[in-house]
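So the chains spell out like this:
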Amino acid sequence: MRIVVALGGNALLKRGEPLTAQAQRENIKIAAQALAKIAIGNELIITHGNGPQVGLLALQGNAYKPDELYPLDVLGAETEGMIGYMIEQEVGNLVPAERPVATLLTMVEVDPEDPAFNNPTKFIGPVYEEADAKKLAQDNYWSIKPDGNKWRRVVPSPLPKRIIEINPIRWLLEKNTIVIASGGGGIPTMYDENHNLQGIEAVIDKDLSSELLARELGADLYIMATDVQAVFLDWNTPEQQRIKRVNPLALAKHVFPAGSMGPKVNAACQFAEATGKIAAIGALGDLESIVAGTAGTHVSNKAQEMEYY
């Protein structure tokens, strides 16, 4: 079976943890244990987020020479290498020595006319108190928005159109390689009027980019691994219900928070509708059970309207 796993931010850095290499590596070690188990007998493609990491790199650059900041596409490429290296090493330590693991820098094309460029919504970087965030926004010409009870920087998040390195990813899979690709949603790029590819100031949503990757690779299963057991209706209320299986049309009738579960639900519905295959959302620690169909929320055209645990 060909499986794409999109690692949520909790797999790399839990909310409130320091943005250190050691903290990230400890979390990745835990993720690697789950990933190595499902790699047995399956083709595996791993994607990951990069919001805190790309934000930290931007802050570091700003502290050095604000007038010479590296653009977000370059910072995205840096995080693909940094995070991919850690995942590659920790997964490689757990799978048989003859099973290759490779990280591929992945560019993703977006539309220069995407309306997202006029409405930044994608959170990057650490969280701040409101007063600190507003001062940083004023000093650095940022857009900022509330994130829970804190504030964070936001940047445009255009829709992914095409995975540019899709063929090299296929070639690696043909050689039984575990592939780490499209990290952080991929490096955002677009073609100019002369059809030259160039980077842009944006961050692509990792769940939607991973969905496109899974679809283009013909994946049998697309999993979004996060820090909750499943998708819940009426979350955090006495009436909350944990969804086991659901038809994408039925799930799309419900509204989920834009900053957390919303993009995952949208990506799951999109994948299931377009491919007829299964998309799943669940806890990283339940990865084996999600593959077996006994944990997480499974979105499928073959499912009844909605089944609960």
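Cut-offs and rules
- Residues numbered from 1 in each chain as written.
- Predicted model: local features only at pLDDT ≥ 70, side-chain atom pairs only at ≥ 80, totals over all residues.
- Heavy atoms only, no water.
- Helix = DSSP H or I, 4+ residues; strand = E, 2+ residues; numbered from the N terminus.
- Rg over C-alpha atoms; globule rule 2.2 N^0.38 Å.
- Buried < 20%, exposed > 50% of the residue type's maximum accessible area, 1.4 Å probe, protein only.
- Contact = heavy atoms within 4.5 Å.
- Areas by Shrake-Rupley, 256 points an atom, 1.4 Å probe, with all protein chains shown as cover.
- Lys, Arg positive; Asp, Glu negative; His and termini not counted.
- Charge placed at Lys NZ, Arg CZ, Asp CG, Glu CD.
- Salt bridge = Lys/Arg side-chain N within 4 Å of Asp/Glu carboxyl O.
- Axes fitted to C-alpha atoms, helices over the stretch in contact; angles between N-to-C directions.
- Parallel < 35°, antiparallel > 145°, perpendicular 65-115°, else oblique.
- Left-handed = near helix turned anticlockwise from the far one by under 90°.
- Nonpolar A, V, L, I, M, F, W, Y, C, P; charged D, E, K, R; others polar.
- Domains from an automatic or database assignment.
- Buried area = accessible area lost by both parts, 1.4 Å probe.
- Polar contact = N/O pair within 3.5 Å; in protein donor to acceptor, adjacent residues only side chain to side chain.

**Topic: the overall build of the protein chain**
Scanning the protein chain for helices and strands turns up nine helices and 17 strands. Taken over the C-alpha trace, the protein chain has a radius of gyration of 19 Å; the compact-globule value for 309 residues is 19 Å, and the two agree within 12%. The dimensions of the protein chain, computed from C-alpha atoms along their principal axes, are 50 × 50 × 40 Å. Expressed as a percentage of its 309 residues, the buried residues of the protein chain come to 52%. Pairs at least 24 residues apart make up 74% of the contacts formed inside the protein chain by residues separated by at least 6 positions. When the accessible surface of the protein chain is totalled, it reaches about 14,500 Å², and 51% of it is carbon and sulfur. For the protein chain, the separation between the mean place of its 28 positive charges and that of its 38 negative charges on side chains is 5 Å.

**Some thoughts on the pattern of salt bridges**
Evaluated as defined, the whole model comprises 15 salt bridges. Note that Glu 26 is salt-bridged to Lys 29, the shortest N-O span being 3.9 Å. Residue Glu 26 and its partner Lys 29 are located together in helix α1 (residues 21–39), separated by three residues, close to a single helical turn. Note on Lys 29: relative accessible area 34%, which makes it partly exposed. The salt bridge partner of Lys 122 is Asp 205, with a shortest N-O separation of 3.3 Å. Here Lys 122, found in strand β5 (residues 122–128), pairs with Asp 205, found in the loop between β11 (197–199) and α6 (206–216); they are 83 residues apart in sequence, far enough to count as distant. Its relative accessible area of 10% is what places Asp 205 among the buried residues. Each of Glu 109, Lys 161 and Arg 162 takes part in a single network of salt bridges with overlapping partners.

**What about the packing of α1 against helix α3 (residues 72–92)?**
One way to put it is that α1 packs onto α3 with a least axis distance of 9 Å and a crossing angle of 45°. By the criterion of interaxial angle, the relationship of α1 to α3 is oblique. Judged by the twist between their axes, the crossing of α1 over α3 is right-handed. Facing Ala 21, Gln 24, Arg 25, Ile 28, Lys 29, Ala 32 and Leu 35 of α1, the residues of α3 in contact are Met 82, Ile 83, Tyr 85, Met 86, Ile 87, Gln 89, Glu 90 and Val 91. Among the residues forming the contact of α1 with α3, the class breakdown is ten nonpolar, two polar and three charged.

**As for the domain arrangement of the protein chain**
Along its sequence, the protein chain is carved into domain 1 (2–114 + 160–308) and domain 2 (121–155). Contacts between domain 1 and domain 2 engage 14 residues on the former and 14 residues on the latter. Between domain 1 and domain 2, the buried area comes to about 980 Å², and carbon and sulfur atoms account for 61% of it. By the criterion of area lost to domain 2, the three top residues of domain 1 are Arg 15, Leu 59 and Val 203, representing 43% of everything that side buries. At the boundary of domain 1 with domain 2, the tally comes to one salt bridge. Summed over the shared surface of domain 1 and domain 2, the number is one residue pair in polar contact (both at pLDDT 80 or more).

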